[in-house]
Amino acid sequence: KNNDELADILGNFVHRTLAFTYRFFDKRIPQAGKTDGKAERILKTITHVKEEVEMLLEEQDFHRAIRLIIALATTGNRYLSEKQPWKTIKDDAEDAATTLYSLNQIVKALGILLEPFLPFTAERIWGLLNLPGSVHEQKWSEVERALASGHVIKKPEPLFRKIESTS
């Protein structure tokens, strides 16, 4: 689970998104240009996942709640791989900016959504995003509040290390 879900899905998504933002957009959340249907669906997915996780937490269905959160990271990974901003930055910088703007919104949402399950990881995400205060002080409604374009992030670091088998 550590390698498959935490390192490969969650950690990989957060690190790739922040690394591309840091490298291609001078450490700043880019300004979204015109959004296509996919970018809009990505942003709506954040709201949907927030509402579903909230309901599952109230029902104390923690397993399904964390599965939805990991699925959000998977959605982000797929979108990142599909849009390939490391390639589109050369020919369509506006599209690359919109892609990374949307993906950074997922990263922020993941930080808050993960807080009840992985409090230290959530705090690391919050710190990498260079957001004020602590993720532990945030209201649930903050999940949907967008990161401002131009916001400066910190240098990305991997969230998890893979566990190597010694057998």
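Data block above holds the structure.
These remarks concern the structure in this document. Keep in mind it's a predicted model, so treat the numbers as computed, not measured. (Residues numbered from 1 in each chain as written. Predicted model: local features only at pLDDT ≥ 70, side-chain atom pairs only at ≥ 80, totals over all residues. Heavy atoms only, no water.)

### Comments concerning the packing of aromatic side chains
Right, on to step 1. For the structure shown, the criterion picks out two aromatic pairs.
Right, on to step 2. On the basis of an interplanar angle of 20° and a centroid distance of 6.1 Å, the ring pair of F20 and F24 is categorised as stacked. Placement of the pair is F20 and F24 together in helix α1 (residues 2–24), with a separation of four residues, close to one helical turn.
Right, on to step 3. By relative accessible area, F24 is classed as partly exposed at 23%. (Phe/Tyr/Trp six-rings, centres within 6.5 Å; stacked < 30°, edge-to-face > 60°. Helix = DSSP H or I, 4+ residues; strand = E, 2+ residues; numbered from the N terminus. Buried < 20%, exposed > 50% of the residue type's maximum accessible area, 1.4 Å probe, protein only.)

### Things to note about the environment of L129
Right, on to step 1. By secondary structure assignment, the location of L129 is in the segment after α6 (119–128).
Right, on to step 2. Residue classification places L129 among the buried positions, given a relative accessible area of 0%.
Right, on to step 3. Between the C-alpha atoms of L129 and K108, which are 21 residues apart in sequence, the distance is 7.4 Å.
Right, on to step 4. Once you skip the residues sitting within four places of it in the chain, L129 turns out to touch L18, N104, V107, K108, L147, H151, V152 and I153. (Contact = heavy atoms within 4.5 Å.)

### Comments concerning the pattern of salt bridges
Right, on to step 1. This structure, assessed with the given rule, holds seven salt bridges.
Right, on to step 2. E82 is the partner of K38 in a salt bridge, and the nearest nitrogen-oxygen pair spans 2.4 Å. A residue pair is termed long-range when its members are at least 10 positions apart, and K38 in helix α2 (residues 37–58) and E82 in helix α3 (residues 62–83) qualify at 44 residues.
Right, on to step 3. For K38, a relative accessible area of 36% corresponds to the partly exposed category.
Right, on to step 4. Note on E82: relative accessible area 44%, which makes it partly exposed.
Right, on to step 5. Measuring nitrogen to oxygen at the nearest pair gives 3.2 Å for the salt bridge that ties E142 to K108. Here E142 is found in the segment after α6, whereas its partner K108 is found in helix α5 (residues 93–114), with 34 residues between them in sequence.
Right, on to step 6. Classification of E142 by relative accessible area gives buried; the value is 15%. (Salt bridge = Lys/Arg side-chain N within 4 Å of Asp/Glu carboxyl O.)

### Describing the packing of α2 against α5
Right, on to step 1. At a minimum axis separation of 9 Å, α2 and α5 run at an interaxial angle of 10°. Overall, the two elements α2 and α5 adopt an arrangement that is roughly parallel. Every residue of α5 that contacts α2 at A39, I42, L43, I46, V49, K50 and V53 is listed here: T98, S102, Q105, I106, A109 and L113.
Right, on to step 2. Partitioning the contact of α2 with α5 into residue classes produces nine nonpolar, three polar and one charged. (Axes fitted to C-alpha atoms, helices over the stretch in contact; angles between N-to-C directions. Parallel < 35°, antiparallel > 145°, perpendicular 65-115°, else oblique. Nonpolar A, V, L, I, M, F, W, Y, C, P; charged D, E, K, R; others polar.)

### What to know about the packing of α5 against α6
Right, on to step 1. It is at 8 Å that the axes of α5 and α6 come closest, and there the two elements cross at 150°. Taken together, the axis directions place α5 and α6 in an arrangement best described as roughly antiparallel. As α5 runs across α6, the sense of the crossing is left-handed. Counted together, V107, K108, G111, I112 and L114 of α5 and P119, A122, I125 and W126 of α6 form the full contact between these two elements.
Right, on to step 2. Counted by class, the contact of α5 with α6 contains seven nonpolar, one polar and one charged residues. (Left-handed = near helix turned anticlockwise from the far one by under 90°.)

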